[in-house]
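Structural overview
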Amino acid sequence: LFLARRDLASVIAGAAADDQPPLYYALLHLWQRIGDSPFIARFLSVIISMLVVAMAYALARRLLSPRAARNAALLTAFAPFQIYHAQEIRMYALLALTLLAYVHSLSSFAKQGQDRELRELATISLSAALALYTHNLAVFTLAAANVYFLLRRDGRALKRLLFAQAIAVLLFLPWLVNLPAQLAKI
């Protein structure tokens, strides 16, 4: 809260001195225009967590069935970690949302033909970049998709995914200069 109450340039500079990237702090900074009480600050995570439940539903529906989607949403809504992070003024709910968006985009990419591939690669790049700007360890989840396409022996899809991930890294490039100092603090 202390960091988010500052001007946006100070928020970004303060995040560089912290051990996490600035996306959540910047969102909280903008959110505090509504008010800066702890209740309002926590409500940002509540809204993000509700989006996590919706994204879990959408992903399960895409991959499985409407019934599985309802169950996934229900399990996500009542998962202890989800409830905990929905109340915390930290980046973990946003991390879940960005990574679920990444997996959702990947699932669409894996099923689509070439006609919609460019759009899917763009959403993969954007969601990956947002995840990287949310938490430094998001890279491990992002890389898990590469293993999937390696195991499928789908070289064409893997090359396209690597291209999308390269775009995400380019989008993340301005923050990479801060990464070594942040990782040293962990």
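Refer to the structure presented above.
**Thoughts on the overall build of the protein**
For the protein, the helix and strand inventory stands at 10 helices and zero strands. Ordered by position in the sequence, the α and β elements of the protein form the string α-α-α-α-α-α-α-α-α-α. Scaling as 2.2 N^0.38, a compact globule of 186 residues should have a C-alpha radius of gyration of about 16 Å, and the protein matches this with 17 Å. With respect to the three principal axes, the spread of C-alpha positions in the protein is 50 × 40 × 30 Å. Put simply, the protein has 186 residues, and 44% of those count as buried. A sequence separation of at least 24 residues applies to 66% of the contacts in the protein between residues at least 6 apart. Summed over its atoms, the accessible surface of the protein is roughly 10,300 Å², and 70% of this surface lies on carbon and sulfur atoms.

**Focus: the pattern of salt bridges**
Overall, the coordinates contain two salt bridges when judged by the stated rule. One salt bridge connects R5 with D36, and the closest N-O pair in it is separated by 3.0 Å. Taken together, the residues span a long stretch of sequence, with R5 in the segment before α1 (8–17) and D36 in the loop between α2 (23–31) and α3 (38–63) at a distance of 31 residues. A relative accessible area of 46% places R5 in the partly exposed class. Classification of D36 as partly exposed rests on a relative accessible area of 38%. Note that E120 is salt-bridged to R119, the shortest N-O span being 3.4 Å.

**Description of helix α8 (residues 138–151)**
The complete set of buried residues in α8 reads A138, L142, A145, N146 and F149. What you see down the axis of α8 is that its buried residues fit within an arc of 100 degrees, all on one side. Of the exposed residues in α8, those oriented more than 90 degrees away from the buried face are F140, L150 and L151. Contact partners of the buried residues in α8: α6 (92–111), α7 (117–134) and α9 (155–176). R153 sits one or two positions beyond α8 and adopts a positive phi of about 55 degrees.

**Structural notes on a nonpolar patch on the surface**
Taken together, the side chains of L74, F78 and I83 make up a nonpolar region of the molecular surface, amounting to roughly 310 Å² of accessible area. Residue position: L74 is located in helix α4 (residues 66–78). Judged by relative accessible area, which is 48%, L74 ranks as partly exposed.

**Description of the side chain of S107**
Of note, S107 is situated in helix α6. A relative accessible area of 9% places S107 in the buried class. A distance of 2.7 Å separates a polar side-chain atom of S107 from the backbone oxygen of H104. The residues contacting S107, other than those within four sequence positions of it, are L59, R62 and L63.

Rules of the game
- Residues numbered from 1 in each chain as written.
- Predicted model: local features only at pLDDT ≥ 70, side-chain atom pairs only at ≥ 80, totals over all residues.
- Heavy atoms only, no water.
- Helix = DSSP H or I, 4+ residues; strand = E, 2+ residues; numbered from the N terminus.
- Rg over C-alpha atoms; globule rule 2.2 N^0.38 Å.
- Buried < 20%, exposed > 50% of the residue type's maximum accessible area, 1.4 Å probe, protein only.
- Contact = heavy atoms within 4.5 Å.
- Areas by Shrake-Rupley, 256 points an atom, 1.4 Å probe, with all protein chains shown as cover.
- Salt bridge = Lys/Arg side-chain N within 4 Å of Asp/Glu carboxyl O.
- Arc of directions from axis to C-beta.
- Patch = residues over 30% accessible without salt bridge, like charges linked within 9 Å, V, L, I, M, F, W, Y side chains within 5 Å.
- Polar contact = N/O pair within 3.5 Å; in protein donor to acceptor, adjacent residues only side chain to side chain.

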